[in-house]
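Understanding the architecture of this molecule
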Amino acid sequence: MTTPWQDARRILCVRLDGLGAVLQTSPALRALRAAVPGRTLTLLASPSGAAALPFIPDLDEAVPWTAPWTHVWLRDGGRAGMPASASGSSSAATSSSARWGTLALVDRLAARRFDAAVIFTTMTQSPLPAALLCHLAGIPLRLAHCRDNPYALLTDWVPDPEPAQLVRHEVQRQLALVQRIGCRSTASALSFVPRPGDVVAARARLADAGIDPDHPWILLHPGAGAAAHRYPAAHWVRVLRGLAQAARLPLVLTGSAAEADLLDAIRIDAGVPAVTLAGCLPLGELGAALQLAAVAVTGNAAPAHIAAAVGTPVVDLYALTAPQHTPWHVRSRVLFHDVPCRFCAGRTCAQGHHDCLAGVAPQRVVDAALELLNEPARAADGR
């Protein structure tokens, strides 16, 4: 490790997208923390990303913040992270709130006197807005991948080889970043550790729903944060019917409270016994439920990465919006239908057909789940 970084004890880790991205960064966080005894890590992340704090042992603190240049801010109409009184405000007021909120964060970070900042981004994101934020906060060391010359915004610039020269898994990308300052780890598994109370609560909730947590059952998570990542509801109906007939195991549908109507419609249309736990599982209990399940069936959303972290085999209905977010170091089946518009990086389907997911026949999903249920467990690399 270079000498300035050896002296860095208080590090701000910037990962401004969601929970799944933070989980894929967790091996790099582990390497970063282990490199210097007594080092502490503070995560600056979106509210959903910051929610990972209790479940990633290498984090000491999290600062939830919605950056006004991110898709979360745009999705919420520029109101993400704003006080309720600002809801429905004009675009000028929204812009003013974003500006003042950002300046307040600069002051807050400056008061913490961090020794260094590591800015984690995907290959489609620029680190420069976050680098400017950290520069204004007086953080003396700033590390990130960057395609353009950042000049003084980064003290440690790693020219971004993606996607021109190669495309790596997201975990490999973040590990490579911290390796540039000498931080290495022999274990590259994702981190998500449900608390004992989460496990007890999840087991009780399953038992109350008529599911024996000590016998095999299948967890299905139809929702996803991005519209382009959602497998069609009609296909989920056929998946439930197929699994009910072929696997003959209890089926449990999970999702947010906002997805309750979707899950109820899938269950009712399928016409097979299934339990719906929409909005019933806080994040820790969801992680515990995924840990207890025999197999998980989900889209390329955060639950797929939680399943990988807790070691549960996963069928990942993988929208071809990006190539680098497949399940990491866990038994899995990654299902998609190849399309000419692959790797569009979109959160909605610009073509309007969703063929990369709609083209995945439900029987393929059933067959993949059966394969994972029936094949012997083996140790995943890096676990």
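The structure we're discussing is the one just above.
The sections below set out a description of the structure shown in this document. (Residues numbered from 1 in each chain as written. Predicted model: local features only at pLDDT ≥ 70, side-chain atom pairs only at ≥ 80, totals over all residues. Heavy atoms only, no water.)

1. Concerning helix α10 (residues 260-270)
Listed in full, the buried residues belonging to α10 are L263, I266 and A270. Axial view of α10: buried residues confined to an arc of 60°, hence all on one face. Away from its buried face by more than 90 degrees, α10 exposes D261 and I268. Buried residues along α10 sit against α9 (233-246), β8 (251-253) and β9 (275-276). (Buried < 20%, exposed > 50% of the residue type's maximum accessible area, 1.4 Å probe, protein only. Helix = DSSP H or I, 4+ residues; strand = E, 2+ residues; numbered from the N terminus. Arc of directions from axis to C-beta. Contact = heavy atoms within 4.5 Å.)

2. As for the environment of R30
The residue R30 is located in helix α2 (residues 19-34) in this model. Sequence spacing of R30 and L370 is 340 residues, and the spatial spacing of their C-alpha atoms is 34 Å. If we skip the residues at most four places from it in the chain, R30 touches D58, S185, A187, S188, A189, L190 and S191. A distance of 2.7 Å separates a polar atom in the side chain of R30 from the backbone oxygen of A189. (Polar contact = N/O pair within 3.5 Å; in protein donor to acceptor, adjacent residues only side chain to side chain.)

3. Considerations on the nonpolar core
By size, the foremost hydrophobic cluster in this structure holds 57 residues, and its most contacted members are W5, I11, L32 and V118. Looking at this core, the elements that each hand over two or more residues are β1 (10-15), α2, β2 (40-45), β4 (116-119), β5 (141-146), α7 (170-179), α11 (283-292) and α12 (302-310). In this structure L32 touches I11, C13, R39, L41, V118, V178, I181 and C183, once residues within four positions along its chain are discounted. Ranked by size, the runner-up nonpolar core spans 33 residues in total, among them A247, L251, I266 and L317. (Core = buried A, V, L, I, M, F, W, Y, C linked by side-chain atoms within 4.5 Å.)

4. Remarks on the packing of α2 against α12
Each pair of packed helices can be summarised by the angle the axes make with each other and by the distance between the axes. Look at α2 against α12: their axes get within 8 Å of each other, and the N-to-C directions meet at 30°. The angle between the axes of α2 and α12 places the two elements in the roughly parallel class. By crossing handedness, the relation of α2 to α12 is classed as left-handed. Note on element contacts: α12 touches α2 through A302, H305 and I306, opposite L19, G20, L23 and Q24. Partitioning the contact of α2 with α12 into residue classes produces 4 nonpolar, 3 polar and no charged. (Axes fitted to C-alpha atoms, helices over the stretch in contact; angles between N-to-C directions. Parallel < 35°, antiparallel > 145°, perpendicular 65-115°, else oblique. Left-handed = near helix turned anticlockwise from the far one by under 90°. Nonpolar A, V, L, I, M, F, W, Y, C, P; charged D, E, K, R; others polar.)

5. Topic: the sheet that holds β8
Strand order in the open sheet formed by 6 strands is β9-β8-β7-β10-β11-β12, with parallel pairing between adjacent strands. Of all the strands in the sheet, just β9 and β12 (332-335) have a single pairing partner and so form its edges. One ladder, built from 4 bridges, connects strand β11 (residues 314-317) with β12; its direction is parallel. Each residue of the ladder has a partner; that of D316, found in β12, is V334. Against the sheet, α9 engages β7 (218-221), β8, β10 (295-299) and β11, with an angle of about 175° to β7. (Pairing = 2+ DSSP bridges.)

6. Quick word on the packing of α2 against α7
Packing of α2 against α7 leaves a shortest axis separation of 7 Å and a crossing angle of 20°. As far as their axial angle goes, α7 and α2 are roughly parallel. Where α2 crosses over α7, the two elements pack in a sense that is right-handed. Here Q24, T25, P27, A28, A31 and L32 of α2 come into contact with α7, specifically with E170, V171, Q174, L175 and V178. Tallied by class, residues from the contact of α2 with α7 come to 7 nonpolar, 3 polar and 1 charged.

7. Quick word on the sheet that holds β5
For sheets, the rule is that strands pair by backbone hydrogen bonds, running either parallel or antiparallel. The 6 strands are arranged β3-β2-β1-β4-β5-β6 in an open sheet whose pairing can be described as parallel. If you trace the sheet from one side to the other, it starts and ends with β3 (61-64) and β6 (156-159), each paired once. Each neighbouring strand pair of the sheet contributes to a mean axis angle of 20°, computed without reference to strand direction. Examined bridge by bridge, β2 and β3 share 4 bridges and lie parallel to one another. By the bridge assignment, L44 is partnered in β3 with V63. Sheet strands in contact with α2 are β1, β2 and β4, and its direction is about 160° off that of β1. Lying on the sheet, α7 is in contact with β1, β4, β5 and β6; it crosses β5 at an angle near 140°.

8. What to know about α9
Residue pairs spaced three or four apart in an α-helix point in one direction, given the helix's 3.6 residues per turn. With 14 residues, α9 extends 20 Å between its outermost C-alpha atoms, agreeing within 8% with the 20 Å of an ideal straight helix rising 1.5 Å per residue. Those residues of α9 not exposed but buried are H235, W236, V237, V239, L240, G242 and L243. (Expected span 1.5 Å × (residues − 1).)

9. Description of the packing of aromatic side chains
Overall, the coordinates contain 3 aromatic pairs when judged by the stated rule. Centroid distance F55 to F192: 4.6 Å. Interplanar angle 15°. Geometry classified as stacked. Taken together, the residues F55 in the loop between α3 (47-50) and β3 and F192 in the loop between α7 and α8 (196-208) connect sequence positions 137 residues apart. Pair check on accessibility: F55 and F192 agree, each one buried. Residues Y231 and W236 carry aromatic rings whose centres are separated by 5.7 Å and whose planes lie at 85° to one another, so their mutual orientation is edge-to-face. (Phe/Tyr/Trp six-rings, centres within 6.5 Å; stacked < 30°, edge-to-face > 60°.)

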